[in-house]
Protein chains: 2
Amino acid sequence: MNVAILGGTGPQGRGLALRFARAGIPVVIGSRDGARAQGVADELNAQLDNAATISGEALRDAVTAVDEMVILAVPYSAHDATLESIRDLLPGKILIDIVVPLADGDPKKVDMPAAGSATEAAQALLGDEVPVVGALHNVSATTLNHLDQPINCDVLVCGNDLAAKEKVIELVRHLDVEAYNAGPAVNARCIEAITPILIRLNISKKVPFTHAGIRICPPGS
Amino acid sequence: MNVAILGGTGPQGRGLALRFARAGIPVVIGSRDGARAQGVADELNAQLDNAATISGEALRDAVTAVDEMVILAVPYSAHDATLESIRDLLPGKILIDIVVPLADGDPKKVDMPAAGSATEAAQALLGDEVPVVGALHNVSATTLNHLDQPINCDVLVCGNDLAAKEKVIELVRHLDVEAYNAGPAVNARCIEAITPILIRLNISKKVPFTHAGIRICPPGS
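This structure is a prediction, so every number in the text was calculated from the model and none was measured.

What counts, and where the lines are drawn
Residue positions within a chain follow its written sequence, with the count starting from 1. Written order decides the labels, with chains lettered from A and ligands numbered from 1. Confidence filtering applies because this is a predicted model: local features only for residues at pLDDT of at least 70, side-chain atom pairs given and counted only at 80 or more, and all residues used for totals across whole chains, interfaces and linings. No hydrogens and no water enter the side-chain calculation; it runs on all heavy atoms of the structure. A pair of strands is labelled paired if DSSP reports no fewer than 2 bridges between them. Helix and strand labels come from DSSP, where a helix needs a run of H or I of at least four residues and a strand needs a run of E of at least two; each type is numbered from the N terminus. Helix axes are fitted only over the stretch in contact, all axes being lines through C-alpha atoms; the angle between N-to-C directions runs from 0 to 180 degrees. Contacts were defined at the residue level, with two residues in contact if any of their heavy atoms lie within 4.5 Å. Accessible-area loss on putting two parts together, using a 1.4 Å probe and summing over both, is the definition of buried area adopted here. Here, a salt bridge means any side-chain nitrogen of Lys or Arg that lies within 4 Å of a carboxyl oxygen of Asp or Glu. Under this definition, polar contacts are N or O atom pairs within 3.5 Å; protein pairs additionally need one hydrogen-donor-capable and one acceptor-capable atom, and for neighbouring residues in sequence, both atoms have to be side-chain atoms. Any angle that falls under 35 degrees is termed roughly parallel, while one over 145 is termed roughly antiparallel, one within 65 to 115 roughly perpendicular, and all others oblique. The sense of a crossing depends on the near helix, which, turned anticlockwise from the far helix by less than a right angle, makes the crossing left-handed and, turned clockwise, makes it right-handed. Note on residue categories: nonpolar means Ala, Val, Leu, Ile, Met, Phe, Trp, Tyr, Cys or Pro, charged means Asp, Glu, Lys or Arg, and polar means any other residue, Gly included.

*Asks:* Any chance you could break down the sheet that holds strand β10 (residues 179-181) of chain A for me, citing the residues and the numbers?
*Replies:* All names here are of chain A. Strand order in the open sheet made by the eight strands is β3-β2-β1-β4-β5-β8-β9-β10, with mixed pairing throughout. The open sheet has two edge strands, β3 (54-58) and β10, and neither has a second partner. In this sheet, adjacent strand axes meet at a mean angle of 25° when their direction is disregarded. Sheet topology places strand β4 (residues 69-72) next to strand β5 (residues 94-97); four bridges connect them, and they run parallel. Each bridged residue has a counterpart across the sheet, and for I71 the counterpart in β5 is I96. Running at roughly 150° to β4, helix α4 (residues 79-86) makes contact with β1 (3-6), β4 and β5 of the sheet. Across the sheet, helix α7 (residues 162-173) lies against β1, β4, β5, β8 (132-134), β9 (155-159) and β10, angled at about 170° from β10, the strand it touches most.

Here it is in structure tokens:
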């Protein structure tokens, strides 16, 4: 198993690359600039003790370098254009959309696309041939990059293809987090919108911590 | 402080009535049928050891009986009609909307109103004179009615009137739960939609528990 992370030079992508590589899963960081991707990969490998397994490529090369799992971790403003630039390479693969449509200039708000959510927009753009799975929206990039900290967040996984969701859940559990099937792609309207609520709490002076996550809690807990 | 619970004869309303009364806050259950409301109040009082403080009234009488706090806990199908029937009595009070717009016949889905969420629909219907605060959507009715169990869920509170939200947060904390200001009323689109995701997990054979809640988790937890 290996994984491409498009937008892997950003904070969320870097943190995920570190965590997956540490778990023994080879990572290919994809960026518009392949040399920059390789530079970030070198930097991240230096942070890891184990035989480093992060490489860097231009976007299209990153997609073709992996078997199946492609994570889209670009800023929302680049969401559709990035997908357009790689869509012909995606059939046979699973697109894991972690993008949150934060409002321009206000990370406490979402500005949902007409399709309802980023995950639904990706599925509409890619068509039925490529399963899109929404996941990892609510995990703090800061926490991801602090490898000494556990991830204080469960992962809500949504999408219309059950088999693809189950594969993503298996992948995500390598990060030592719980992951749940949270229903069809339409539920991304809720799951993506949890992130600005967490960002609001992180900014709030009334909440005694930052980088909050959410957890599903059984009764009595 | 006292509180009216409209739709207080339903499972969510009963559980909240028991928990508030146990915390020493007098509760007036409101129902279309005042005699039925009083019958349920008697039944609930019998479950409580302390000097019982639950009474029952017809809807309009329940609203006029309390100082400020009116909880709307009716099924979604009765949401707008119930508000129409009491709207003239609400100025000077706070309407706490806990209704989740579950889809007819499928509690794993929301069927959001044109306004975006039940909380926003209530605010539009009542006008600016009455602050509407969304809260308590995600707490399991089953857990609420098991008084020996703690509430395994934080409460996300939203609305456009900060002072009203702060009063509701104070009220909700009497239930021994954490409550957070989760932003403006528009965030009810997310918060209300968390409930069917929890219901889906509760139904799932792959999740080893039912009646799940959600919690905001600090780093390292």
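*Asks:* Before we move on, can you summarise the interface of chain A and chain B with the specific residues and values?
*Replies:* On the chain B side, the residues contacting the 33 residues of chain A number 33 residues. For the chain A and chain B pair, buried surface summed over both sides reaches about 2800 Å², with 68% attributable to carbon and sulfur atoms. One salt bridge connects E166 of chain B with K206 of chain A, and the closest N-O pair in it is separated by 2.7 Å. Our count for the chain A to chain B interface comes out at eleven residue pairs in polar contact (both at pLDDT 80 or more). Broken down by secondary-structure element, the contributors of at least two residues to the side of chain A that touches chain B are β10, α8 (188-203) and β11 (213-217) of chain A.

*Asks:* If you had to explain the packing of helix α1 (residues 11-22) of chain A against helix α2 (residues 34-47) of chain A to someone new, which residues and values would you point to?
*Replies:* Residues and elements named next belong to chain A. Packing of α1 against α2 brings their axes to within 10 Å, and their N-to-C directions diverge by 45°. It follows from the interaxial angle that α1 and α2 lie oblique. The element α1 and its partner α2 pack so that their crossing is right-handed. Where α1 abuts α2, its residues R14, A17 and L18 lie against V40, E43, L44 and Q47. In terms of residue class, the contact of α1 with α2 is made up of four nonpolar, one polar and two charged.

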